[in-house]
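Okay, here's what each chain looks like letter by letter:
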Amino acid sequence: MLYLIGEYFESLEFLKSIYLRSFISFTLSFLLVLIFGKPFINYLKVKKFGEKIRDDGPASHLSKKGTPTMGGVLIVIVMLITNLIVSDISNSFIILLLISMLGFASIGFIDDYKKFTVNKKGLSGKKKLLGQGIIGSLVWCFVYFLGLTGDKGLDLSIINPLLSGSMLYLGSIGMLLFVIIILMGTSNAVNITDGLDGLAIMPMIICSSILGVISYFTGNVNLSEHLNLYYIAGSGEMTVFLSTICGAGLGFLWYNFYPAQIFMGDTGSLTLGGVLGVVAILLKQELILPVIGIIFVVEALSVIIQVGSFKLRGKRVFKMAPIHHHFELIGLAETKVTMRFWITTLIFGIIALGIVRMRGIL
């Protein structure tokens with residue numbers, strides 16, 4: 001009987017469609033987060049996993065104290081379940097993404113959990129970077145030993161997103177360092193951005209959508225040739241994976257938008273940021289990523305500039321870093337800051353797609 005059922009589903013060719021499975025993964029992940037969101041929030045309240053507010057932050061944030069955090073646990077679980085059901089788990093890209101996702105989630109979960117049980121500061125920065133470095137090394141091994149394009153020289157190069165055939169060869173060690181820097185950067189940048197209600201999750205949804213489109217182009221022989229992208233066999237399946245981020249993210253936003261009922265914590269922000277970096281590396285779109293994720297870049301740079309300026313000059317550039325707090329302190333409402341950051345992300349996401357199209361012309 002089971003054999004007949006298996007044969008029946010094998011005969012359903014339409015289930016192999018990336019379009020259809022992306023829609024299913026989006027819908028399923030959205031509904032699962034929406035349905036289990038409220039019970040999960042109540043569970044966190046019982047366990048008293050509430051947000052701790054920094055004393056030197058904007059006064060308006062004091063009301064957020066005690067809001068349940070670690071919402072990223074729900075996002076990760078839903079993404080895992082949805083991908084196991086909908087994605088082609090024999091696809092090497094999906095396997096790597098799932099392993100990477102669980103790796104980043106483990107770092108974030110340990111950090112969040114320690115804040116409530118052992119040490120209020122959570123996991124040390126060095127241990128976080130070590131964990132991210134290990135995941136980066138794993139991604140590099142995938143690129144180096146399994147390959148992406150069938151051309152090792154190309155796999156170990158940074159591709160110019162504007163000009164066809166233009167690239168910078170890094171070599172194996174250079175590429176290893178480059179991959180680790182990207183994953184540390186993206187993971188921590190999203191973590192830094194996650195400071196206002198709904199601020200980080202919507203840009204993640206937009207970035208995942210843009211990369212999902214590029215992933216589909218890259219995995220399609222005809223479209224990749226038309227756009228002068230390097231064809232990467234099987235990479236189109238990542239569109240299905242990215243759809244789960246969009247669906248779970250939108251479901252989470254239902255509870256995370258102002259006034260937030262739950263925060264994602266490091267479990268969510270470190271994971272989503274890290275996965276975003278992994279996808280960009282696998283698509284050979286590392287230099288497009290800062291354009292798509294412009295808000296994450298600006299947020300991270302604001303912290304670097306603030307800390308650097310204070311150490312070198314003894315003066316601060318911003319009223320407070322990350323920069324979203326600076327805008328709050330000069331009088332902008334939290335929701336206005338959030339919405340403008342969303343709009344900016346959308347605009348730069350469209351610009352990124354324009355750059356991909358230009359590559360097909362230049």
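Residues numbered from 1 in each chain as written. Predicted model: local features only at pLDDT ≥ 70, side-chain atom pairs only at ≥ 80, totals over all residues. Heavy atoms only, no water.

> Where do I start with the overall build of the chain in this structure?
When helices and strands are counted, the chain shows 15 helices and 2 strands. In summary, the chain has a C-alpha radius of gyration of 21 Å against a globular reference of 21 Å for 362 residues, a match within 12%. Considering the chain as a whole, with its 362 residues, one finds that 50% of them fall into the buried category. In the chain, once contacts between residues fewer than 6 apart in sequence are set aside, the share between residues at least 24 apart is 74%. When the 28 basic and 20 acidic side-chain charges of the chain are each reduced to a single mean position, those positions are 13 Å apart. (Helix = DSSP H or I, 4+ residues; strand = E, 2+ residues; numbered from the N terminus. Rg over C-alpha atoms; globule rule 2.2 N^0.38 Å. Buried < 20%, exposed > 50% of the residue type's maximum accessible area, 1.4 Å probe, protein only. Contact = heavy atoms within 4.5 Å. Lys, Arg positive; Asp, Glu negative; His and termini not counted. Charge placed at Lys NZ, Arg CZ, Asp CG, Glu CD.)

> Which parts of the structure should I look at to understand helix H11 (residues 265-282)?
Helical geometry: 3.6 residues make up each α-helical turn, so side chains three or four residues apart lie on a common side. Taking 1.5 Å of rise per residue, the 18 residues of H11 would be expected to cover 26 Å, and the 26 Å separating its terminal C-alpha atoms lies within 8% of that figure. The first or second residue beyond H11 is Lys284, which carries a positive phi of 60°. (Expected span 1.5 Å × (residues − 1).)

> Whenever I open this one, the nonpolar core confuses me. Can you help?
Nonpolar side chains in soluble globular proteins tend to be buried together. Membership of the largest hydrophobic core comes to 81 residues, with the highest contact counts inside it found for Leu183, Leu211, Phe241 and Leu282. Excluding anything up to four places from it in sequence, Leu211 contacts Leu242, Leu276, Val279, Leu283, Leu289 and Ile292. Counting residues in each nonpolar core, the second largest holds 8 residues, with Leu196, Leu199, Phe318 and Val337 among its members. (Core = buried A, V, L, I, M, F, W, Y, C linked by side-chain atoms within 4.5 Å.)

> Looking at this structure, how should I read the environment of Thr335?
Mapped onto the elements, Thr335 comes out in helix H15 (residues 334-359). A C-alpha to C-alpha distance of 8.9 Å links Thr335 and Leu199, two positions 136 residues apart in sequence.

> Looking at this structure, how should I read the side chain of Glu286?
One can find Glu286 in the loop between H11 and helix H12 (289-292). Residues within four places of Glu286 in sequence aside, it is in contact with Met175, Phe178, Ile182, Ala280 and Ile281.

> Before we go on, may I ask you to explain the pattern of salt bridges in this structure?
Any two side chains of opposite charge can pair, given that their charged atoms come close. This model, assessed by the stated rule, comprises 6 salt bridges. With a closest N to O distance of 3.6 Å, Lys115 and Asp111 form a salt bridge. Linking Lys115 with Asp111, this pair stays in helix H4 (residues 92-117), spanning 4 residues, or about one helical turn. What makes Lys115 partly exposed here is its relative accessible area of 25%. The closest approach of N and O atoms between Asp266 and Lys128, which form a salt bridge, is 3.3 Å. Of the two residues, Asp266 is situated in helix H11 and Lys128 in helix H5 (residues 125-146); the sequence distance between them amounts to 138 residues. Taken individually, Asp266 and Lys128 each receive the classification buried, so the pair is uniform in this respect. Through salt bridges that share partners, Asp111, Lys115, Lys128 and Asp266 make up one connected network. (Salt bridge = Lys/Arg side-chain N within 4 Å of Asp/Glu carboxyl O.)

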